[in-house]
Amino acid sequence: MTKPFLEVLSGRKQAIPPIWMMRQAGRYLPEYRELRAKAGNFLDLCFTPEYATEVTLQPIRRFNFDAAIIFSDILVIPYALGRSVRFEAGEGPRLDPLDTPEKITTLASHADFTKLEPVFEALRRVRSQLDAETALIGFCGAPWTVATYMVAGQGTPDQAPARMLAYRHPDAFEKIIDVLVENSIQYLVGQLKAGADVLQIFDTWAGVLPPREFVRWSIEPTRRIVAGVRKKVPGAKIIGFPRGAGALLPSYVEATGVDGVSIDWAAEPSLIRERVQNRVAVQGNLDPLALIAGGAALDRAVDDVLENYGSGRLIFNLGHGILPETPIAHVEQMIKRVRSYKV
């Protein structure tokens, strides 16, 4: 039984593009909100295999997406490295900041992977419950993006604390990146062994970097992770998502060796078609606000993605995660329109 999602990443265009959504297991679903309330806090939801499995499968049952993505978070690596990681309701993540070279010397080199065993167990459980044509995605945060939270201790509007530290103390900042690269490789290989078919590397904050820094802190660490994973699992399928990379996307694709790249909704179609999609699969890139708007605006936005990229290798997705206030009926409208598409 073939998996359409994997077929696209392997170089074979599908007549109807496979579809899934970033953050498809989440707050827009009443069944998720119910389980989230029962779990107590966010990390307990991630680290209780029974809950993580259920949440991962909820959007598959409801929408029959072509891929499930394991329910977890990009900050589980800092947690496994012994950093304090908390999620404050309505506030987002809170960590103990690594904002000076002195503090960075306290960072452990090796994660305690027993702390991440619940993620592997959830992957094994999801894999056993998915049908043969649905792919399972494992993921991690890219070192740059994870480091931005570790330095500031939280998300900031443009991640200035990490950018400043990387300018002032590049050697100290490099230590955080190196630790994240090595442990992310091990984590991703563990996810493949537990049943993931594909991996995605989320570089949510890549777009705040100038070109020189983008090469050093986004492209280069991602390239090392891709190479490190494939050294242990030859042929591993990997999607990169350097959000906001814009005109730097072609060099990212060329240098990292990813099989596919996720694009945000501001991507310029001719650049993507001529310099990205001719090399790798493209995943994206519906504006999540168009999905909230619904109606004719949503139909137009879906058609734009299909017209821009449907003649090449495309995985239909959003340009970033689905927003909590998204109506379920609009998700159904989007899926119906994508699945009735003919090249």
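Notes on the structure follow. Keep in mind the model is a prediction, meaning the values are calculated, not measured. (Residues numbered from 1 in each chain as written. Predicted model: local features only at pLDDT ≥ 70, side-chain atom pairs only at ≥ 80, totals over all residues. Heavy atoms only, no water.)

## Overview of the overall build of the chain
Piece 1. Helices and strands together make up the secondary structure of the chain, namely 16 helices and nine strands.
Piece 2. The C-alpha atoms of the chain give 19 Å as radius of gyration, which agrees with the globular expectation for 343 residues (20 Å, within 12%).
Piece 3. The principal-axis extents of the C-alpha atoms in the chain amount to approximately 55 × 45 × 40 Å.
Piece 4. Across the 343 residues in the chain, those meeting the buried criterion constitute 57%.
Piece 5. For the chain, the proportion of contacts with a sequence separation of at least 24, taken over those separated by at least 6, is 74%. (Helix = DSSP H or I, 4+ residues; strand = E, 2+ residues; numbered from the N terminus. Rg over C-alpha atoms; globule rule 2.2 N^0.38 Å. Buried < 20%, exposed > 50% of the residue type's maximum accessible area, 1.4 Å probe, protein only. Contact = heavy atoms within 4.5 Å.)

## Focus on the packing of aromatic side chains
Piece 1. Tallied over the full model, the rule gives 12 aromatic pairs.
Piece 2. On the basis of an interplanar angle of 70° and a centroid distance of 5.8 Å, the ring pair of Phe-42 and Phe-71 is categorised as edge-to-face. Note that Phe-42 is positioned in helix α3 (residues 42-47) and Phe-71 in the loop between β1 (67-69) and α5 (76-80), a separation of 29 residues in sequence.
Piece 3. Here Phe-42 falls in the buried class, since its relative accessible area comes to 13%.
Piece 4. In this structure Phe-71 comes out as buried when scored by relative accessible area, which is 8%.
Piece 5. The structure contains a cluster of three or more aromatic residues connected by ring pairs, namely Tyr-32, Phe-42, Phe-71 and Phe-87.
Piece 6. It is Lys-115 that lies over the ring of Tyr-79; its NZ or CZ is 5.0 Å from the centre. (Phe/Tyr/Trp six-rings, centres within 6.5 Å; stacked < 30°, edge-to-face > 60°. Lys NZ or Arg CZ within 6 Å of the ring centre and 35° of its normal.)

## Side note on unusual backbone geometry
Piece 1. The residue after Gly-284, namely Asn-285, is reached through a cis peptide bond having omega -20°.
Piece 2. Along the chain, Asn-285 falls in strand β8 (residues 281-286).
Piece 3. The backbone phi angle of Asn-64 is positive, close to 55°, even though this residue is not glycine.
Piece 4. Tracing the chain through its elements places Asn-64 in the loop between α4 (49-63) and β1.
Piece 5. In this structure, Gln-159 is a non-glycine residue whose phi angle is positive, near 55°.
Piece 6. Structurally, the position occupied by Gln-159 is in the loop between α8 (143-152) and α9 (160-168).
Piece 7. On the basis of relative accessible area, Gln-159 is assigned to the buried category, the value being 1%.

## Comments concerning the environment of Ala-135
Piece 1. Structurally, Ala-135 is set in strand β4 (residues 135-141).
Piece 2. Overall, Ala-135 belongs to the buried group, its relative accessible area being 0%.
Piece 3. A sequence separation of 111 residues divides Ala-135 from Gln-24, and the C-alpha atoms of the two residues are 14 Å apart.
Piece 4. In this view, Ala-135 contacts Lys-3, Phe-5, Asp-66, Ala-67, Ala-68, Leu-130 and Asp-197; residues no more than four positions away in its chain are not counted.

## Side note on the nonpolar core
Piece 1. Judged by nonpolar contacts, the single largest core of 130 residues is most densely connected at Phe-5, Phe-173, Ile-176, Val-229, Leu-286, Val-331 and Met-334.
Piece 2. The element best represented in this core is helix α10 (residues 170-193), accounting for 12 residues.
Piece 3. If sequence neighbours within four positions are ignored, Ile-176 has contacts with Leu-98, Ile-104, Leu-107, Ala-147, Met-150 and Val-151. (Core = buried A, V, L, I, M, F, W, Y, C linked by side-chain atoms within 4.5 Å.)

## Topic: the pattern of salt bridges
Piece 1. Under the criterion given, the structure shown has 21 salt bridges.
Piece 2. Salt-bridge contacts for Glu-54 lead to Arg-61; the nearest nitrogen and oxygen are separated by 2.9 Å.
Piece 3. Residue Glu-54 is classed as partly exposed on the basis of its relative accessible area, which comes to 27%.
Piece 4. Between Lys-237 and Asp-259 there is a salt bridge whose closest N-O contact spans 3.9 Å. Taken together, the residues span a long stretch of sequence, with Lys-237 in strand β6 (residues 237-242) and Asp-259 in the loop between α12 (249-256) and β7 (260-262) at a distance of 22 residues.
Piece 5. Residue Asp-259 is classed as buried on the basis of its relative accessible area of 14%.
Piece 6. Connected through salt bridges with shared partners, the residues Glu-117, Glu-121, Arg-124 and Arg-125 form a single ionic network. (Salt bridge = Lys/Arg side-chain N within 4 Å of Asp/Glu carboxyl O.)

## Focus on the pairing of strand β2 (residues 85-88)
Piece 1. Pairing analysis gives four bridges linking β2 to strand β3 (residues 92-95), with the strands arranged antiparallel. The partner of Phe-87 across the bridge, within β3, is Pro-93.
Piece 2. Here β2 folds back onto β3, and the loop between the two strands holds three residues, one of which, Gly-90, carries a positive phi near 75°. (Pairing = 2+ DSSP bridges.)

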